[in-house]
Amino acid sequence: MSWLQTLKDYAEQHPIIVLRFTSDKWETLANSRRGVGEFTVALPHTLVSGVKAPAPCLLLGNDGKAEQVLFGLVSSRSPITTLDSRIKVTRSVVVAPSSMAGLLALICDAPHAKNFSSRVKDEKTASLLSPKLSSYLIQRLATISSNNGSLRAVAEKLSVPKRFKGNSAMQEDAVQTALAAFGLGSSDQATSVELAEGRSTALGRVAIMEDSVVEHDARSVPGYSLIQSDVTGRALFKKGEDQLEVFTANRRELEHCFGVDLIYVNLTKQNVVMLQYKMLEPSSKSDDQPDWVYRPDGQLDAEIARMNAFAAAHPPGPKEYRLNPQVFYMKFVKRDASIGDGGIITPLDHFEKLRADPSFKGPKKGLRLSFKSLSGRYLRQTPFLDLVKCGYIGAHAQTTADLQVLIEAILDGNKAVVAAVQQKVSE
């Protein structure tokens with residue numbers, strides 16, 4: 001488990017802080033908007049002066065009936081008064097054992113057990129563990145298989161891509177785009193997250209509830225049968241009467257795929273839209289018109305043929321209205337640009353017109369695609385998402401049956417896929 005070694009190494013540089021709460025404070029946190037999974041608390045500077053945020057943390061609480069232990073992340077620490085610091089805790093997820101006595105029994109190495117006991121004695125509100133003890137404790141927690149999802153959720157958050165450098169960043173953006181189309185932000189919590197063991201996925205970094213993350217054998221993620229062993233993660237979100245089910249899949253390691261596609265199926269509006277990510281590269285210094293350029297690869301024509309075949313078979317229903325029945329859109333992002341800066345979105349038929357227009361020809365068989373060259377003839381993300389939400393674009397989608405055909409075609413092309421299905425909450 002590479003994430004485990006990464007987390008252990010990180011804990012040696014950013015040691016674990018143990019936070020203990022009285023039953024009254026724990027109840028207050030549990031009843032807050034995000035519960036004990038995400039909250040802020042003020043603590044004296046003297047108790048948290050050694051915390052190097054972001055840092056792993058262990059939460060010890062009591063709901064009045066039983067003790068609870070959670071593993072999470074202190075994402076920030078900042079002074080708020082002369083005496084106190086504001087600590088923000090995120091991604092706190094339940095782990096076993098569920099008591100201080102159980103933790104002491106888990107730490108079977110005598111020197112580490114003595115060290116742990118001495119640092120958390122006297123029921124102090126906050127106790128900073130040593131670097132070696134922090135790494136050792138994570139190793140011991142990982143011996144309990146049910147903890148792996150919780151530990152991995154923290155490890156994944158420490159490696160969120162910030163810039164468009166490859167497929168991992170594109171998948172991160174695709175997941176956030178799906179959430180935005182559903183009306184959620186990056187901080188909205190999933191009600192459940194399932195991660196395939198040993199498979200990288202952006203769903204390991206979504207916001208979570210304190211008891212929502214599990215890790216399964218890589219052969220399958222229970223609860224979704226569309227793509228079986230190709231699935232790398234699944235997350236469920238709820239908002240009002242609707243739910244959004246997001247899953248990621250790829251047949252090879254993400255970094256070895258030829259790109260990322262996002263498929264959004266809205267069964268409440270009965271439309272399906274697909275967004276295909278393409279990377280823009282800066283043109284060479286010798287180019288007499290420096291600009292951003294997209295260079296089609298050998299896969300493009302085959303991809304377009306697949307997309308056109310699917311679109312022809314799924315026109316809007318006779319009683320449906322679409323501004324554009326086009327299913328397929330292309331999102332062009334600049335290499336090394338910050339994720340969240342948006343990009344240029346065009347329908348597939350518009351892209352094909354640009355491709356045939358000699359004025360867009362760039363060096364080395366590239367296409368000049370930028371805000372400048374398009375002169376405003378493109379979609380930004382916000383209006384695109386508005387059209388998806390209201391069902392004004394996309395083809396007819398009554399069930400997820402046809403989605404399976406599309407996903408399998410994408411995976412056969414050695415691409416990664418993020419699929420999101422919006423529908424009413426099951427009774």
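So, here's what we can say about the structure. (Residues numbered from 1 in each chain as written. Predicted model: local features only at pLDDT ≥ 70, side-chain atom pairs only at ≥ 80, totals over all residues. Heavy atoms only, no water.)

### Focus: the sheet that holds strand β2 (residues 39–44)
Working definition: the strands of a sheet are paired by backbone hydrogen bonds and lie parallel or antiparallel to each other.
Okay, so step 1: If you walk across this open sheet you meet the six strands as β2-β5-β4-β3-β1-β6, and the pairing is mixed. A strand with exactly one partner marks an edge of an open sheet, and here the two such strands are β2 and β6 (126–128). The mean inter-strand angle of the sheet, taken between neighbouring strand axes irrespective of direction, is 35 degrees.
Okay, so step 2: Two elements, strand β1 (residues 17–20) and strand β3 (residues 55–62), share four bridges in a ladder whose sense is parallel. Note on β3: the bridge partner recorded for Leu19 is Leu59. (Pairing = 2+ DSSP bridges. Helix = DSSP H or I, 4+ residues; strand = E, 2+ residues; numbered from the N terminus. Axes fitted to C-alpha atoms, helices over the stretch in contact; angles between N-to-C directions.)

### Here's the deal with the packing of aromatic side chains
Okay, so step 1: A full pass over the atoms with the stated rule returns eight aromatic pairs.
Okay, so step 2: Between the aromatic rings of Tyr294 and Phe332, the centroid separation amounts to 5.4 Å while the plane-to-plane angle is 65 degrees, which identifies the pairing as edge-to-face. Placement of the pair is Tyr294 in strand β13 (residues 292–294) and Phe332 in strand β14 (residues 328–334), with a sequence separation of 38 residues.
Okay, so step 3: Judged by relative accessible area, Phe332 falls into the buried class, the value being 2%.
Okay, so step 4: Every member of this aromatic cluster is reached through a ring pair, and the members are Phe21, Trp26 and Phe39. (Phe/Tyr/Trp six-rings, centres within 6.5 Å; stacked < 30°, edge-to-face > 60°. Buried < 20%, exposed > 50% of the residue type's maximum accessible area, 1.4 Å probe, protein only.)

### Digging into the pattern of salt bridges
Okay, so step 1: This structure, assessed with the given rule, holds 20 salt bridges.
Okay, so step 2: Among the salt bridges present, the one from Asp242 reaches Lys424, with a minimum N-O distance of 3.2 Å. On the criterion of sequence distance, the pair formed by Asp242 in strand β10 (residues 242–249) and Lys424 in strand β18 (residues 416–424) is long-range, its members being 182 residues apart.
Okay, so step 3: Bridged by salt links that share partners, the residues Arg152, Glu156, Glu172, Arg205 and Glu215 form one connected network. (Salt bridge = Lys/Arg side-chain N within 4 Å of Asp/Glu carboxyl O.)

### Quick look at unusual backbone geometry
Okay, so step 1: Of the consecutive residues Ala53 and Pro54, the connecting peptide bond is found in the cis state with omega at 0 degrees.
Okay, so step 2: Omega for the bond connecting Ala96 with Pro97 falls within 30 degrees of zero, at 0 degrees, which places this linkage in the cis form.
Okay, so step 3: Assignment of secondary structure puts Pro97 in the loop between β5 (84–94) and α4 (100–106).
Okay, so step 4: The backbone phi angle of Asp336 is positive, close to 75 degrees, even though this residue is not glycine.
Okay, so step 5: Its identity as a non-glycine residue notwithstanding, Ser375 has a phi of 50 degrees, on the positive side.
Okay, so step 6: Residue placement: Ser375 occurs in the loop between α11 (371–374) and α12 (381–389).

### Topic: the pairing of strand β9 (residues 231–239)
Okay, so step 1: Counting buried positions over the nine residues of β9 gives seven, a clear majority of the element.
Okay, so step 2: Alignment of strand β7 (residues 192–196) against β9, held across four bridges, turns out to be antiparallel. Counted as the bridge partner of Val193 is Ala235 from β9.
Okay, so step 3: Relative to β10, β9 runs antiparallel, the two sharing eight bridges. Among the inter-strand pairings, Gly233 is bridged to a residue of β10, identified as Thr248.
Okay, so step 4: The loop that links β9 with its antiparallel partner β10 comprises two residues; one of these, Gly240, has a positive phi angle of about 60 degrees.

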